[in-house]
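# An overview of the molecular structure
Okay, here's what each chain looks like letter by letter:
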Amino acid sequence: MAYSMDGWQEPTLAENLAKAGVSRRDFLKYCGGLAAAFAAGGAVLGSMPRANAAGTGSAPALFAPTRDQIADTLGSVTKPIAVWLQLQECTGCIESVLRSGGTTVEEVVLNLLSVNYNEAVMAAAGDAANKALDDANAGDHILVVNGSIPTKDGGIYCTIGGKSAEQVLKEAAKNASAILAVGACAVWGSVQGSNPNPTGAVGVDKIITDKPVVNVSGCPPIGEVITACVAYLLTHGEAPKLDAQGRPLFAYDARIHDNCPRRGHFDAGQYVRTFDDDGARRGWCLYHMGCKGPSTFSSCPIIQWNEHTSWPIGAGHPCIGCTEDHFFDRFTPFYHELPTVPGFGVETTASKIGAGVVGVAAAAVAVHAGATAIRQATAKKETEAEPLAAFGDEPTQAAGAASETGKAE
């Protein structure tokens with residue numbers, strides 16, 4: 001991405017950070033946080049060459065990038081141009097990234113990207129803003145899209161500079177080297193795309209079909225997940241591995257239910273029945289309050305929000321499944337419980353867990369609670385020295401053993 005103009009060489013990201021007074025240590029800490037996010041789900045993110053069994057040639061080795069790999073690659077790139085569109089949406093997604101705990105907005109806007117167009121943060125307006133968008137679209141750039149695209153009645157429900165949202169999107173996507181659809185609106189339409197969908201709202205990948213679209217779902221997504229996706233593109237020059245819905249595996253490959261700190265209470269049949277009961281005060285499972293964690297894939301329990309301060313379930317509110325396709329139609333009423341959910345160590349529905357399976361449930365609770373405690377203690381101890389280790393210890397063997405024990409019973 002480096003270029004020269006009249007003998008002048010575009011500074012690298014590392015050089016820009018140094019000029020801004022950001023120390024190498026702080027940069028490594030940020031890259032370590034990205035590495036932790038990439039490794040949080042244990043997802044396959046890419047490949048790198050390695051010697052084969054005979055010691056010659058190379059074979060692909062699956063890996064999640066380390067802190068130093070991210071730092072070396074990310075530090076050497078020059079500022080890529082970014083076009084950040086806000087179509088039919090509420091600005092919640094850009095607000096989320098502006099408050100990302102992984103990096104400050106100044107680092108994202110001034111150092112990681114050259115954001116030549118973003119309606120929420122740019123000073124330009126009118127003709128000057130339109131020219132900035134046209135100039136950015138003319139060359140190679142990363143396209144980030146917030147908001148859905150209305151398709152009914154010629155797209156009159158969202159127009160920018162006299163152009164429909166669909167036209168604005170197609171023009172911006174033409175020369176884009178990578179496209180991120182950020183937020184439930186951009187992924188599938190969200191509130192305005194729900195039944196009866198009066199504007200004919202659809203997601204980005206329903207309009208842009210000739211290029212891959214990375215769907216960063218959520219209403220809104222976690223800020224660190226958004227910035228991690230951008231950093232992955234800069235580090236690898238390609239999109240991360242995606243699931244069947246086009247979501248990055250590193251952030252969406254595990255159910256909230258499987259990583260929830262309240263999971264032990266679910267297996268023990270300990271549920272909140274009303275928001276002000278004793279179970280609510282004790283932090284019991286929110287399944288009967290309509291929690292959609294068993295059907296929702298996201299890294300919310302691991303990365304959390306506001307610099308790992310809390311997250312909806314941690315604050316006592318059930319998950320509404322906002323990272324899932326058409327969650328407004330599929331998961332409402334939000335406070336009605338899901339019909340059937342298998343137990344952790346007990347293969348039965350939540351409503352049937354009772355005294356007859358307390359022994360098995362208790363064993364599962366002990367395994368899960370112990371593994372969670374070890375993981376959290378390890379994360380707390382190692383994060384100070386090596387952020388990558390914060391999410392490196394996954395109790396997969398223990399969980400598997402508990403599940404098999406439950407089946408045997």
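Small disclaimer: the values here were computed from a predicted structure and weren't measured. (Residues numbered from 1 in each chain as written. Predicted model: local features only at pLDDT ≥ 70, side-chain atom pairs only at ≥ 80, totals over all residues. Heavy atoms only, no water.)

### Observations regarding the overall build of the protein
As a reminder of what qualifies: We count a stretch as a helix when DSSP gives it H or I for four or more residues in a row; a strand needs E for two or more, and each element gets its number in order from the N terminus. Accessible area is worked out with a 1.4 Å probe on protein chains only. A residue is then buried under 20% of its type maximum, exposed over 50%, and partly exposed in between. Throughout, a residue-residue contact means that at least one pair of heavy atoms, one from each residue, lies within 4.5 Å. Throughout, the Shrake-Rupley method with a 1.4 Å probe supplies accessible areas, and for residues the shown protein chains are the sole cover considered.
Counting its regular elements, the protein contains 19 helices and 13 strands. Considering the protein as a whole, with its 409 residues, one finds that 49% of them fall into the buried category. Long-range contacts, defined as pairs at least 24 residues apart, comprise 74% of the intrachain contacts of the protein with a sequence gap of at least 6. Accessible surface computed for the protein: about 18800 Å², of which carbon and sulfur atoms make up 55%.

### Re helix α11 (residues 223-236)
Here is the rule we go by: To estimate how far a helix should reach, multiply one less than its number of residues by 1.5 Å.
With 14 residues, α11 should reach 20 Å at 1.5 Å per residue; the first-to-last C-alpha distance of 20 Å fits that figure. In terms of burial, α11 is largely enclosed, as 13 of its 14 residues are buried. Once α11 ends, the next one or two residues include Gly237, with phi positive near 75°.

### A look at the side chain of Ser96
The criterion, for reference: Think of a polar contact as two N or O atoms within 3.5 Å of one another; within protein, one of them needs to be a possible hydrogen donor and the other a possible acceptor, and neighboring residues in sequence only count if both atoms come from side chains.
If you trace the backbone, Ser96 turns up in helix α4 (residues 92-98). For Ser96, a relative accessible area of 9% translates into the label buried. At 2.7 Å, the side chain of Ser96 forms a polar contact with the backbone oxygen of Pro221. When sequence neighbours within four positions are dropped, the list of residues in contact with Ser96 reads Pro220, Pro221, Ile222, Gly223 and Trp305.

### Section: the pairing of strand β11 (residues 176-182)
What counts here: A strand pair is defined by DSSP finding two or more bridges across the two strands.
Of all 7 residues in β11, 6 are buried; the element is thus mostly enclosed. Where strand β7 (residues 141-146) meets β11, 6 bridges bridge the pair, whose relative direction is parallel. Across the sheet, Val145 pairs through a bridge with Ala181, a residue of β11. Examined bridge by bridge, β11 and strand β13 (residues 214-216) share 3 bridges and lie parallel to one another. Its bridge partner being in β13, Ala181 is matched across the sheet by Asn215.

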